[in-house]
Amino acid sequence: MLDARFVRENPDAVRAAMANRNASWDVDAFLALDEERRRLIGEVEALQATRNEASKAIGALMKDGKRDEAEVAKAAVREVNDAISALEGSMADVDAKVRELLMTAPNIPDASVPVGASEDENVEVRRWGTPRTFDFEPKAHWDLGPALGIIDFERAVKLAKSRFVLLGGAGAKLERALINFMLDTHADAGYKEWWPPSLANADTLTGTGQLPKFEEDLFKTSGEGTPLYLIPTAEVQLTNIHRDEVLDGETLPLHYTAYTSCFREEAGSAGRDTRGMIRVHQFDKVELVKFAKPEESMDALEGMVADAERILQLLELPYRTIVLCTGDMGFSAAKTYDIEVWLPSYDGYKEISSCSNCGDFQARRAAIKYRQPSEFKGSRLVHTLNGSGLAVGRTLAAILENHQEADGSVTVPQALRPYMRGIERITPEV
């Protein structure tokens, strides 16, 4: 959530930021509500001053024995109290509208983010590895997996609906191996592992920005009691671990990781990546989250990107890293790097990780602060960061496509073999 004071004092900068993000957030509506709120505050304060003066006068009248005049003054004070109550009710309504409007505003891009209207204007930062040149016709993972007997799309539809995946045999083992490999690698790099719930309440999803704006993208439970939502990413739970808390600045930065299944309606994505495991309703992901001091958060972002890239390097998968332009960034992000893995079936790179610095945007919504008595009084908002480390299904697809052989088998990357119980090659299952 944006800082109301920042918007009030920098309306032109906010307008420019919204234009750069292709966002239609109404700055003028906010300013009008904010002006109304301050007008109401002024009226309340004036009436409170009148009431205080009248109260003093009543005391003097009572002391002088002028009870009749005191009763008249008391009646006037009651009228003032009624007027204050009415104004405070109006102020509460305006406050709610201001907060509701701020909740729908995307984050302000960092000054280092390139200005652009769409993904076509994202900027490539670096590449690692060289896409393989095959001396045979390579298969897409949606053909290779079923041929190996390790992916079954048709039975997944029978069990659920389209855009779900059923893995079996070496496919299931490969998915599990990737999860454990990623978690171990990140834990060895200093991330604390968590095992969070797969369901979250509305406050939790509001804290990270999925609610209220993106409810249509979420799977929601029904029935009596408080509704819960299937999480779209472990970022939701990991970030909200410290909701409504004040952290010790001496402990920052905090590095967290978790594996969860993730669930997304994929509203508005009809016709996109309908084949294979690239865009599905349920997928596994290992997530990275950091809590950092403001002056350290951009360095923390670079470190997070390096940690995600390390997984692809160990798996011998070519990739490129890009910085997203203003028009392509997610709602909560101030700056985002996407890591894209090479997929022969697309003859190009496909996103496998998105790492973002959200600044204090999520921390303001979730009330996550830190205290550093040696540096400042009181408390300040932390900066939150999140990134995929990695999307497991897409990694599995990339391994199948990049490490396939002419006979239809797939060579298991060296780093994964201990997790595959020494299996070096996946061959067709009988």
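In this report, we go over the structure that sits alongside the text.

The rules we used
- Residues numbered from 1 in each chain as written.
- Predicted model: local features only at pLDDT ≥ 70, side-chain atom pairs only at ≥ 80, totals over all residues.
- Heavy atoms only, no water.
- Helix = DSSP H or I, 4+ residues; strand = E, 2+ residues; numbered from the N terminus.
- Rg over C-alpha atoms; globule rule 2.2 N^0.38 Å.
- Buried < 20%, exposed > 50% of the residue type's maximum accessible area, 1.4 Å probe, protein only.
- Contact = heavy atoms within 4.5 Å.
- Areas by Shrake-Rupley, 256 points an atom, 1.4 Å probe, with all protein chains shown as cover.
- Lys, Arg positive; Asp, Glu negative; His and termini not counted.
- Charge placed at Lys NZ, Arg CZ, Asp CG, Glu CD.
- Salt bridge = Lys/Arg side-chain N within 4 Å of Asp/Glu carboxyl O.
- Polar contact = N/O pair within 3.5 Å; in protein donor to acceptor, adjacent residues only side chain to side chain.
- Pairing = 2+ DSSP bridges.
- Axes fitted to C-alpha atoms, helices over the stretch in contact; angles between N-to-C directions.
- Phe/Tyr/Trp six-rings, centres within 6.5 Å; stacked < 30°, edge-to-face > 60°.
- Lys NZ or Arg CZ within 6 Å of the ring centre and 35° of its normal.

**A look at the overall build of the protein**
Phase 1: Within the protein one finds twelve helices and 18 strands.
Phase 2: The C-alpha atoms of the protein give 28 Å as radius of gyration, which overshoots the globular expectation for 430 residues (22 Å, by more than 25%).
Phase 3: Dimensions of the protein, computed from the C-alpha atoms along their principal axes, are close to 105 × 45 × 40 Å.
Phase 4: Counting only residues that meet the buried cut, the protein has 48% of its 430 residues in that class.
Phase 5: Within the protein, residue pairs in contact and separated by at least 24 positions form 74% of the contacts whose partners lie at least 6 positions apart.
Phase 6: Only carbon and sulfur atoms are counted for the fraction: they give 48% of the accessible area of the protein, which is about 20,400 Å².
Phase 7: On the protein, the mean spot of the 51 positive side-chain charges and the mean spot of the 69 negative ones are 3 Å from each other.

**Points about the side chain of Arg365**
Phase 1: Here Arg365 lies in helix H11 (residues 361–366).
Phase 2: An unpaired buried charge is present at Arg365: no salt bridge exists, and Glu235, the closest side chain of opposite charge, is 9.4 Å distant.
Phase 3: A distance of 3.3 Å separates a polar side-chain atom of Arg365 from the backbone oxygen of Met103.
Phase 4: Within the structure, the side chain of Arg365 is placed 2.7 Å from the backbone oxygen of Thr206, a separation counted as a polar contact.
Phase 5: Not counting residues within four places of it along the chain, the set of residues in contact with Arg365 comprises Met1, Arg99, Met103, Thr206, Gly207, Gly209, Leu211, Pro212 and Phe331.

**Brief notes about the sheet that holds strand E10 (residues 282–292)**
Phase 1: Reading across the sheet, the eight strands line up as E1-E11-E12-E13-E16-E10-E9-E4 and stay open at both edges, with mixed pairing between neighbours. Each having just a single partner strand, strand E1 (123–128) and strand E4 (192–194) make up the two edges of the open sheet. This sheet shows a mean twist of 25° between the axes of neighbouring strands, independent of strand direction.
Phase 2: In this sheet, E10 lies alongside strand E9 (residues 254–263) in antiparallel orientation, the contact comprising ten bridges. Of the residues in E10, the one forming a bridge with Tyr256 is Val289.

**Some thoughts on the sheet that holds strand E5 (residues 199–200)**
Phase 1: In space, the three strands of this open sheet follow the order E5-E7-E6, with antiparallel pairing throughout. Each edge of the open sheet is held by one strand with a lone partner, namely E5 and strand E6 (219–220).
Phase 2: Direction of pairing for E6 relative to strand E7 (residues 229–230): antiparallel, over a ladder of two bridges. Its bridge partner being in E7, Lys220 is matched across the sheet by Tyr229.

**Quick word on the packing of aromatic side chains**
Phase 1: Applying the stated criterion across every chain yields a total of twelve aromatic pairs.
Phase 2: Considering the side-chain rings of Trp342 and Tyr349, the 5.1 Å spacing of their centres and the 75° angle between planes classify their relative orientation as edge-to-face.
Phase 3: Given a relative accessible area of 15%, Tyr349 falls into the buried group.
Phase 4: Through a chain of ring-to-ring contacts, the aromatic side chains of Trp194, Tyr256 and Phe291 assemble into a single cluster.
Phase 5: Note that Arg380 overlies the ring of Phe376, its terminal NZ or CZ placed 3.9 Å from the centroid.

**Structural notes on helix H12 (residues 392–402)**
Phase 1: The buried count for H12 comes to eleven of eleven residues, which makes it a mostly enclosed element.
Phase 2: The set of residues buried in H12 consists of Val392, Gly393, Arg394, Thr395, Leu396, Ala397, Ala398, Ile399, Leu400, Glu401 and Asn402.

**Description of the pairing of strand E14 (residues 368–371)**
Phase 1: The two faces of E14 differ: Ile368 and Tyr370 on one face are buried, but Lys369 and Arg371 on the other face are not.
Phase 2: The pairing of strand E8 (residues 245–248) with E14 spans four bridges and is classified as parallel. Note that in E14 the partner of Leu247 across the bridge is Tyr370.
Phase 3: As defined by bridge partners, E14 adjoins strand E15 (residues 380–381) across two bridges and the pair is classed as antiparallel. Each bridged residue has a counterpart across the sheet, and for Lys369 the counterpart in E15 is Leu381.

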